[in-house]
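As a plain string of letters, each chain reads:
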Amino acid sequence: MRTTVPVVSILFSGLVLHLATSCGNTNFGQRADSLFLVVDDQKHFYDLKKPNEKYFLPYVLEEISGISWKDGRILAVDDERGKVFEYDLSSREITHTMEFYKGDDFEGVEMVQEEIFVLRSDGDLFAFDYTSSKTTAARKIETALGKKNDTEGLGYDPASHQLLIACKEKGAIAESPIEGRAFYLFDLRKGQLLETPVFTIKPQDLKNFWELHRDFKYEEDRIKFKPAAISTHPISGDYYILSSVGKMIVVVNKSGKIRATYPIASRVLGQPEGLTFAPDGTMYISSEGEGDRAYILKFDMENR
């Protein structure tokens with residue numbers, strides 16, 4: 001018997017309009033849940049309509065684009081500044097900043113042991129040791145990825161000691177096309193990018209997954225999936241991929257097989273761009289401010 005966690009969300013306007021004419025008086029949120037919320041086989045899951053805490057951020061982080069966990073604090077990067085901000089969840093304030101580069105288009109941040117990695121949208125990485133100083137020199141690591149890939153998600157897999165890089169746009173490095181969104185590994189031991197994607201996710205993959213679990217035919221061209229963040233679940237080891245476009249989280253195993261999907265309600269997360277986990281499985285998602293204060297939502301992990 002399948003069970004679902006209730007989440008109020010409207011994902012795809014075209015599908016919702018279609019369902020409005022064919023499903024009687026069932027409300028939009030219930031329809032989205034029945035179609036896009038698939039956590040049937042998950043031992044650990046989240047109720048994305050009910051955050052357990054909301055942290056409003058200072059205006060300096062209005063354009064927050066990536067977050068990472070560090071001992072009860074959140075490391076955050078703004079996509080227009082070459083700075084990493086340290087936000088204390090207890091005091092609800094920025095307690096430290098580290099300037100590592102001039103302003104640019106930075107999209108992801110990841111803490112690996114005592115080293116910080118920041119991802120730029122052209123695929124280059126900037127690495128520096130965590131420091132109490134307000135300024136530091138970063139080591140620039142050029143990769144074969146480029147602006148056409150629009151790299152937005154940066155994560156870390158401790159099991160393999162590799163960084164995960166998610167492409168929002170084109171997946172290919174060379175001229176040969178790659179269908180769908182591509183995900184690459186950066187080997188920290190070798191200090192190099194593995195230039196073949198570790199996996200890809202195509203609209204057809206999502207379509208097949210939903211049709212396997214739900215009695216509904218999905219139109220592939222209505223499926224919007226552009227990764228903005230990726231993070232490794234500290235307990236299951238699965239990858240959680242956040243898509244701001246399409247408003248969803250897709251959970252995959254290390255081979256890229258889809259295991260779960262969550263719709264995200266716009267009223268809960270306006271423009272989600274960052275995702276990270278505490279060691280106990282608590283999930284944090286950041287949203288840009290869209291002209292107002294940005295914020296971070298906390299979601300406690302639930303177990304079956």
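What you are looking at is a predicted structure, and each value in this text was computed from that prediction instead of being measured.

Analysis parameters
- Residues numbered from 1 in each chain as written.
- Predicted model: local features only at pLDDT ≥ 70, side-chain atom pairs only at ≥ 80, totals over all residues.
- Heavy atoms only, no water.
- Pairing = 2+ DSSP bridges.
- Helix = DSSP H or I, 4+ residues; strand = E, 2+ residues; numbered from the N terminus.
- Axes fitted to C-alpha atoms, helices over the stretch in contact; angles between N-to-C directions.
- Buried < 20%, exposed > 50% of the residue type's maximum accessible area, 1.4 Å probe, protein only.
- Core = buried A, V, L, I, M, F, W, Y, C linked by side-chain atoms within 4.5 Å.
- Contact = heavy atoms within 4.5 Å.
- pLDDT = per-residue confidence, 0-100.
- Salt bridge = Lys/Arg side-chain N within 4 Å of Asp/Glu carboxyl O.

Novice: What is the right way to read the sheet that holds strand β6 (residues 93–99) from this model?
Specialist: Backbone hydrogen bonds hold the strands of a sheet together, and the pairing may be parallel or antiparallel. On the basis of which strands lie adjacent, the open sheet formed by four strands has the order β3-β4-β5-β6 and antiparallel pairing. At either end of the open sheet lies a strand with only one pairing partner, and these are β3 (64–70) and β6. With strand direction ignored, the average angle separating the axes of adjacent strands in the sheet is 25°. Of the strand pairs in this sheet, strand β5 (residues 83–88) and β6 are connected by six bridges, and their pairing is antiparallel. Note that in β6 the partner of aspartate 88 across the bridge is glutamate 93.

Novice: I keep staring at the pairing of strand β4 (residues 73–78) and nothing clicks. Help me out?
Specialist: A large share of β4 lies buried, amounting to five of its six residues. In this structure, β3 lies alongside β4, joined through six bridges in antiparallel fashion. Of the residues in β4, the one forming a bridge with isoleucine 67 is alanine 76. Adjacent in sequence and paired antiparallel, β3 and β4 are bridged by two residues, among which aspartate 71 carries a positive phi angle near 50°. Note that β4 and β5 share five bridges and pair antiparallel. Directly across from isoleucine 74, in β5, lies its bridge partner tyrosine 87.

Novice: Can you walk me through the nonpolar core in this structure?
Specialist: If you look at soluble globular proteins, the nonpolar side chains tend to sit buried side by side. The biggest cluster of nonpolar side chains holds 24 residues, and the ones touching the most others in it are Tyr46, Tyr240, Ile249, Tyr262, Leu275 and Met283. Of all the secondary-structure elements, those providing two or more residues to this core are β16 (239–245), β17 (248–252), β18 (258–263), β19 (272–277), β20 (283–287) and β21 (295–299). If one sorts the elements of this core by residue count, β21 sits on top with three residues. If we skip the residues at most four places from it in the chain, leucine 275 touches Ile67, Ala229, Ser231, Tyr240, Leu242, Ile249, Met283, Tyr284 and Ile285. With 23 residues, the next largest nonpolar core counts Ala166, Phe183, Phe216 and Phe225 among its residues.

Novice: How do you make sense of the side chain of histidine 233 when you look at a structure like this?
Specialist: Counting through the fold element by element, histidine 233 comes out in the loop between β15 (226–232) and β16. When sequence neighbours within four positions are dropped, the list of residues in contact with histidine 233 reads His44, Tyr46, Asp238, Tyr240, Phe277, Gly281 and Met301.

Novice: What exactly am I supposed to notice about the confidence of the model for the chain here?
Specialist: Low-confidence regions, as indicated by low pLDDT, have predicted coordinates that should not be scrutinised in detail. Summary statistics for the chain give a mean pLDDT of 89 and a share of 89% for residues scoring 70 or more. Every residue in residues 1–26 scores below 50 in pLDDT, and together they form 69 contacts with partners more than four places removed in sequence or on other chains.

Novice: Help me understand unusual backbone geometry, please; the structure alone is not making it clear to me.
Specialist: Despite not being glycine, aspartate 71 has its phi angle at roughly 50°, a positive value. Within the secondary structure, aspartate 71 is located in the loop between β3 and β4. The phi dihedral of glutamine 113 is positive, around 55°, even though this residue is not glycine. Along the chain, the position of glutamine 113 falls in the loop between β7 (106–112) and β8 (115–120).

Novice: Honestly, the pattern of salt bridges in this entry has me stumped. Any pointers?
Specialist: Pairing is possible between side chains of opposite charge, provided their charged atoms come close. For the structure shown, the criterion picks out 19 salt bridges. One salt bridge connects aspartate 104 with arginine 120, and the closest N-O pair in it is separated by 3.0 Å. Of this pair, aspartate 104 sits in the loop between β6 and β7 while arginine 120 sits in strand β8, and the two are 16 residues apart along the sequence. As a salt-bridge pair, glutamate 169 and lysine 226 come within 3.2 Å of each other at their nearest N and O atoms. Taken as a pair, glutamate 169 in the loop between β12 (162–167) and β13 (181–187) and lysine 226 in strand β15 lie far apart in primary sequence, 57 residues in all. Among the charged side chains, a network of salt bridges with common partners joins Asp104, Arg120, Asp122, Asp124, Lys140 and Glu142.

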